[in-house]
Amino acid sequence: MTCDRRAVIIGAGITGTLTARAMSRAGWSVVLVEAAHVGAGSSSRTAAGIRQQWSTPEAVQGMRFSTRFYEQFKERTGATELPIRQNGYLFLAENERAWQAAQRRVQMQQEAGLTEVLALPTPALVERFPWIATDAVLGGTFCPSDGFLYPSLVYQESLRDAREHGARLIQGAPVEGCDVSGDRIVQVHTPKGSFGADVFLDCTNAWSRKLSRTLGAEELPVDALKRYLWFLGRDGALTGEQLSAMPLVITPPGVYCRPENLDTLLMGHAHPARHEEGFSYEDQDVIEPSFAHTGGLESAPFHAWEQLATYLPSVAEFSGIRYTTSGYYGTTPDHNPFFGYDRQRLNLVRLIGFSGHGAMFGPFSAQVGLQLCEAGHDLDAVEVEGESISLHRFKVGRAYDHHEAMVI
Ligand SMILES: Cc1cc2nc3c(=O)[nH]c(=O)nc-3n(C[C@H](O)[C@H](O)[C@H](O)COP(=O)(O)OP(=O)(O)OC[C@H]3O[C@@H](n4cnc5c(N)ncnc54)[C@H](O)[C@@H]3O)c2cc1C
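Residues numbered from 1 in each chain as written. Predicted model: local features only at pLDDT ≥ 70, side-chain atom pairs only at ≥ 80, totals over all residues. Heavy atoms only, no water.

Brief notes about the site of the ligand
- Taken together, 37 residues surround the ligand, and among them Thr15, Glu34, Ser43, Gly49 and Met360 come closest.
- The side chain of Glu34 places a nitrogen or oxygen atom 2.6 Å from an oxygen atom of the ligand.
- Between an oxygen atom of the ligand and a main-chain N or O atom of Ala48, the distance comes to 3.4 Å.
- Residue assignment for the shell around the ligand shows that the elements contributing at least two residues are helix H1 (14-25), strand S14 (223-233), strand S18 (320-331) and helix H10 (358-375). (Near = heavy atom within 4 Å. Polar contact = N/O pair within 3.5 Å; in protein donor to acceptor, adjacent residues only side chain to side chain. Helix = DSSP H or I, 4+ residues; strand = E, 2+ residues; numbered from the N terminus.)

This is the structure we're talking about:
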């Protein structure tokens, strides 16, 4: 059977594989070209938290869809394991101003359909989470259906499903050039061959500035920022069962943590970082000494550990930081992604700029990508399972006048 709707998807991380799955299931002939291998980018280096607690109704709606998708992942993809663990997300507030703002956000989130999110003042919070320091916070917001993902399950199983619906994966195939006709891309060139299509999708996230130059597309402001994860060994009073039941916790200074397993706590921090141009595959894993757990007691991980222990005192008893990993965020000026057609290459769809949220955005990004390709032009909103979700905060060319407030 021939298919007259051909798509080339560039980049096989969570965004590219989920989009390949959505499009091949919708009858598109899909080729997924990947510079290295599946999951070679940030998708295999992520904390993979998923939350529906956002500061705008459209992000709440989009992440409600993503959460439902991951909850129904087995039925939707034929996978045998679930890639989501719903331990919840807990944002702590330590002063009156932050606590008032948190309660207003909960009201907006509930109005946007997230009925299970709660604003818990300290007594209720400590009753539920006895490991929180009573005197350190005024309250917290908790959503029990938030949690975290197993990213390799997401991209491997999405890819399997996409292949079962006819998609082809070409690995070791960086896009290095293209042929154009007027303002449209006709085919892209890789060392493994050239691939033509009606529509091309940019799913390269932190690499998208480089791809823009290769394709003659608009260079959108997506900055590659190095981010680290540190892994602490459990010890002291907290049991393995207590640790593994913990939600993802975000403390007021921005240090966050979640259980990695019964004996390990994952910890991260949104520290200042400079944009890295022209980084390589290997650069993803280069750890600056001041961010390494081997970098001495003045290094960033020890500072983050100390801050975390102010709010979760039992963490001070843990046995030490065992290892450090790193990867890149692809960050935009307002921390919202770009979803839309390129203004220079008119058949190029951009799904980039996830600013540390691409794992949770994945299913929603794939839906948006599919609907943009089906429409052939930009959309003001997408229809997702009977709900209309506005895209105005995600448009290419928008004013950056609303910064997502809940960024880590
Ligand atoms: C430390 C850390 C913590 C994070 N925590 C979270 C979190 O809690 N929750 C969350 O949702 N997100 C989180 N993120 C962000 C999330 O991991 C990313 O947003 C997400 O993985 C992006 O997926 P992607 O598929 O868009 O991009 P990637 O996974 O980076 O994939 C892009 C792919 O494009 C390929 N590529 C690049 N150039 C080319 C080319 N020219 N030709 C072909 N292929 C190319 C790359 O090799 C790569 O495989 C975190 C990230 C880091 C680093």
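Points about the sheet that holds strand S4 (residues 84-85)
- The three strands are arranged S3-S8-S4 in an open sheet whose pairing can be described as antiparallel. Both edges of this open sheet fall to strand S3 (49-50) and S4, since each of them pairs with a single strand only.
- Where S4 and strand S8 (residues 147-149) come together, two bridges link them in antiparallel fashion. Note that in S8 the partner of Arg85 across the bridge is Phe148. (Pairing = 2+ DSSP bridges.)

Re helix H9 (residues 300-311)
- Taking 1.5 Å as the rise per residue, H9 with 12 residues should run 16 Å; its terminal C-alpha atoms sit 18 Å apart, in good agreement.
- Restricting attention to buried positions, one finds in H9 the residues Pro301, Phe302, Ala304, Trp305, Gln307, Leu308, Ala309 and Tyr311.
- Looking at the packing, one finds that the buried side of H9 touches strand S5 (89-93), S14, strand S16 (255-261), strand S17 (264-269) and S18. (Expected span 1.5 Å × (residues − 1). Buried < 20%, exposed > 50% of the residue type's maximum accessible area, 1.4 Å probe, protein only. Contact = heavy atoms within 4.5 Å.)

Focus: the domain arrangement of the protein
- Along its sequence, the protein is organised into domain 1 (6-69 + 151-221 + 333-394) and domain 2 (85-147 + 223-331).
- Computed over C-alpha atoms, the centres of domain 1 and domain 2 are 28 Å apart.
- Taken together, the contact pairs 35 residues of domain 1 with 36 residues of domain 2.
- Summing both sides of the interface, domain 1 and domain 2 together bury roughly 2600 Å²; the carbon and sulfur share of this comes to 51%.
- Summed over the three residues of domain 1 that lose the most area to domain 2, namely Arg45, Ala47 and Gln53, the buried surface amounts to 27% of that side.
- Between domain 1 and domain 2 we count three salt bridges in total.
- In this structure, Asp223 engages Arg209 in a salt bridge whose closest nitrogen and oxygen atoms are separated by 2.8 Å.
- Applying the counting rule to domain 1 against domain 2 returns 17 residue pairs in polar contact (both at pLDDT 80 or more). (Domains from an automatic or database assignment. Buried area = accessible area lost by both parts, 1.4 Å probe. Salt bridge = Lys/Arg side-chain N within 4 Å of Asp/Glu carboxyl O.)

A few points about the pairing of strand S12 (residues 193-196)
- Examined bridge by bridge, strand S11 (residues 184-190) and S12 share four bridges and lie antiparallel to one another. Considered in S12, the bridge of Val188 is made with Phe195.
- Hairpin connection from S11 to S12: two residues lie between these consecutive antiparallel strands.

Structural notes on the sheet that holds strand S9 (residues 168-170)
- The sheet built from six strands is open, its strands ordered S9-S2-S1-S13-S20-S19 with mixed pairing. Looking at strand neighbours, the two that pair on one side only are S9 and strand S19 (338-341), the edges of this open sheet. The sheet shows a mean angle of 15° between the axes of neighbouring strands, direction not considered.
- In this fold H10 packs onto strand S13 (199-202), S19 and strand S20 (348-352), with an angle of close to 10° to the strand it touches most, S19. (Axes fitted to C-alpha atoms, helices over the stretch in contact; angles between N-to-C directions.)

Things to note about unusual backbone geometry
- Of note, His335 is a non-glycine position whose phi angle comes to about 65°, a positive value.
- Taking the relative accessible area as the measure of exposure, His335 reaches 22% and is therefore partly exposed.
- Even without glycine at this site, Ser355 takes up a positive phi of about 55°.

As for the packing of H1 against H10
- At their nearest, the axes of H1 and H10 sit 8 Å apart, and the two run at 40° to each other. As summarised for this structure, H1 and H10 are arranged oblique, according to the angle between their axes. In this structure, H1 meets H10 at a crossing whose hand is right-handed. From H1, Ile14, Thr15, Leu18, Thr19, Ala22 and Met23 reach across to H10, where they touch Gly358, Ala359, Gly362, Pro363, Ser365, Ala366, Leu370 and Cys373.
- For the contact of H1 with H10, a count of residues per class yields nine nonpolar, five polar and no charged. (Parallel < 35°, antiparallel > 145°, perpendicular 65-115°, else oblique. Left-handed = near helix turned anticlockwise from the far one by under 90°. Nonpolar A, V, L, I, M, F, W, Y, C, P; charged D, E, K, R; others polar.)

Regarding the packing of helix H2 (residues 57-71) against H10
- In the contact formed by H2 and H10, the axes pass within 8 Å of each other and the chain directions differ by 100°. One way to sum up the angle between H2 and H10 is to call them roughly perpendicular. In contact with Gly62, Met63, Phe65, Ser66, Phe69 and Tyr70 of H2, H10 contributes Ala359, Met360, Phe361, Gly362, Pro363, Phe364 and Gln367.
- Tallied by class, the residues present in the contact of H2 with H10 amount to nine nonpolar, four polar and no charged.

As for the layout of surface pockets
- In this structure, the second largest pocket encloses a volume near 340 Å³.
- Phe91, Leu92, Arg105, Thr251 and Pro252 are, among the 18 residues lining the second largest pocket, the residues nearest its centre.
- Secondary-structure elements contributing two or more residues to the lining of the second largest pocket are S5 and helix H4 (96-111).
- For the lining of the second largest pocket, the leading source of residues is H4, giving four residues.
- For the lining of the second largest pocket, a count of residues per class yields 13 nonpolar, three polar and two charged. (1 Å grid on protein atoms, 1.4 Å probe; cavity = no way out; pocket = protein on both sides within 12 Å on 5 of 7 lines; lining within 4 Å. Points joined across faces, edges and corners; volume = space filled by probe spheres on them.)

Thoughts on the nonpolar core
- With 70 residues, the main nonpolar core has Met23, Tyr70, Leu201, Phe339, Phe361 and Phe364 as its most contacted residues.
- Counting residues per element, this core draws most heavily on H10, which supplies nine residues.
- In this structure, this core is formed jointly by two domains, domain 1 (6-69 + 151-221 + 333-394) and domain 2 (85-147 + 223-331), each of which donates at least three residues.
- When neighbours within four sequence positions are excluded, Tyr70 is seen to be in contact with Ile14, Leu18, Ile50, Leu82, Pro83, Ile84, Leu149, Val154, Ala359, Met360, Gly362 and Pro363. (Core = buried A, V, L, I, M, F, W, Y, C linked by side-chain atoms within 4.5 Å.)

Re helix H6 (residues 151-164)
- Compared with an ideal rise of 1.5 Å per residue, which puts 14 residues at 20 Å, H6 spans 20 Å between its outermost C-alpha atoms and is within 8% of the ideal.
- Residues of H6 that are buried: Pro151, Leu153, Val154, Tyr155, Glu157, Ser158, Leu159, Asp161 and Ala162.
- On the buried face of H6, the contacting elements are H1, strand S2 (29-33), H2, helix H3 (73-77), S8 and S9.
- At the exit of H6 stands Gly166, carrying a positive phi of roughly 100°.

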